[in-house]
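Here is what each chain is made of, one letter per residue.
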Amino acid sequence: MPIHPAEDPPLESFGPIVPLSSLPAEPLHEGPAPWPRPSKPLHDMRTQSSPLWFGGGVFGQGMYNADSVLHSDAAVRALRLAFDYGINALDSSPYYFPSEFVLGRALRILAPSYPRDSYFLMTKCGRYGPTRAHFDYTPERITTSIRQSLHRLGTTYLDVALLHDVEFVSAQPDAALTDDGWLAAAAVGRHPTIPQDDARQTLGIAPGQAAQVRGAGDERVLAAARALFALQDEGVIRHVGMSGYPLGELLRLSRLIASHPPYRCVDVVLSYSCHTMHADLLPAWQPLFEASPWTDNEKPHEAQWTPPMLLNASPFSMGLFSDRGPPAWHPASEALLQATRAAHRDVYEAATNTANPHIDAAQVLARTALFAGMHGSDVQDTQPIPRLRTLLGMSNVDEVHAAIETYRILHGDTSSPTYKQLQSYGARIRTHIAQAGAQDQTWRSPPVDAD
């Protein structure tokens, strides 16, 4: 896992700023993506950002790609193609070193065709390595971190800044760290024996708990959020948010921040690996994020609840559903890992032996996971706004093409052979996971060895 160096290397160490004309243009497959393209300049992220977002975590050292990819033009070409299709939002983090450098170089090269007001840019702060020792949520470090990110990314403002992996810092309820991974499912009525109300009480999201500070970690999160709100007031960042894995903790902290001075709601919450084939929980949690956390008697006079924009990240569940296998550091239980391997063998054999295959057997696991994890990105609310936007890593042009092709299938005819084939593969994979007793089970975050 990457660790951000104490001093930034020069941007040029990741390649020169070459003329855009020197890079080969990638033709679009079947034209632009099938969603409306807002007119530029962009100004309203909630209504104008694309259903799919370009994730920069794939450009982290030692995470998903060989280091040679980070020093190549792969990111420039992939991002250019994503922009050409109509993807207009991207994400990074200092923790994904050297992602901000790689994407900063790409954005500088692409500037003649895609100026700053043609896309939404999000990064994170507070996390700089794999363990708790690499977190720093002090207001001074948060402020410095954002200004460093601006320089790396070549911009004067960020559309979103997130507190990265808040559960590593917050005073997460002890029971959430010691249960067997069923509280998130139980809290939305999806566990046979744990009552929903009991789960919510344990997670700290029951009525009357919104303002409860559980310890020093919560105070650190509140201080870091205030630092971001100050930068928002300066115009350096436009939206404040947080990212993390445990849905209960993301909701609890969203409510906590809104319940304390300056009584402002976070604008964005990024959840990862919670809208996947092994744990499809995020859609069931959306109503909890939308509901006001206070009764009339307990609502702070200054507070008003505005639901955060939810982002669904990592439909591949951090590489768990990669056809080349998950990374060695993946936190899934052994039961889930074994079930995924068995499922992969099953759908690979099915794709290989299908008389009229519509999905390449070499990509069947990832394509099926992407098809499942994108659901919601194609559904619009009462306004023409995606119900749930999906952020996914795309390392190269082939992965960009595959993402758009999968979105077309999801957005298209539900009776098409390809749609039905992906549905069938998804059902097979879920059966393996359910038989292993791992459906909707989450893993502990932070992990036991995070210290």
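Residues numbered from 1 in each chain as written. Predicted model: local features only at pLDDT ≥ 70, side-chain atom pairs only at ≥ 80, totals over all residues. Heavy atoms only, no water.

- Identification of the protein as NADP-dependent oxidoreductase domain-containing protein from Malassezia pachydermatis is taken from an unreviewed UniProt entry.

### Description of the overall build of the protein
Move 1: What the protein contains, in helices and strands, is 15 helices and eight strands.
Move 2: Dimensions along the principal axes, computed over C-alpha positions, put the protein at roughly 60 × 50 × 45 Å.
Move 3: Going through the 451 residues of the protein one by one, you find that 58% of them count as buried.
Move 4: Put simply, the protein shows about 17,700 Å² of open surface, and 51% of that area lies on carbon and sulfur atoms.
Move 5: The positive charge centre, built from 35 side chains, and the negative charge centre, built from 47, are 2 Å apart in the protein. (Helix = DSSP H or I, 4+ residues; strand = E, 2+ residues; numbered from the N terminus. Buried < 20%, exposed > 50% of the residue type's maximum accessible area, 1.4 Å probe, protein only. Areas by Shrake-Rupley, 256 points an atom, 1.4 Å probe, with all protein chains shown as cover. Lys, Arg positive; Asp, Glu negative; His and termini not counted. Charge placed at Lys NZ, Arg CZ, Asp CG, Glu CD.)

### Quick look at the sheet that holds strand S8 (residues 389-393)
Move 1: Strand order in the closed barrel made by the eight strands is S1-S2-S3-S4-S5-S6-S7-S8, with parallel pairing throughout. Across the sheet, the axes of successive neighbouring strands diverge by a mean angle of 25°, strand direction being ignored.
Move 2: As judged from the four bridges shared by strand S1 (residues 52-55) and S8, these two strands associate in the parallel manner. Residue Trp53 lies in a different strand from S8, and its bridge partner there is Leu391.
Move 3: Against the sheet, helix H5 (residues 139-153) makes contact with strand S3 (120-125) and strand S4 (160-163), and its axis sits at roughly 140° relative to S3, the strand it touches most.
Move 4: Against the sheet, helix H14 (residues 397-411) makes contact with S1 and S8, and its axis sits at roughly 160° relative to S1, the strand it touches most. (Pairing = 2+ DSSP bridges. Axes fitted to C-alpha atoms, helices over the stretch in contact; angles between N-to-C directions. Contact = heavy atoms within 4.5 Å.)

### Remarks on the UniProt feature "domain: NADP-dependent oxidoreductase" (unreviewed entry) in the protein
Move 1: Under the local residue numbering, the UniProt record ascribes the feature "domain: NADP-dependent oxidoreductase" (unreviewed entry) to residues 55-275.
Move 2: From the first C-alpha to the last, residues 55-275 spans 16 Å; its make-up is 41% helix and 11% strand. (UniProt positions renumbered as here; feature names shortened; annotations may be inferred.)

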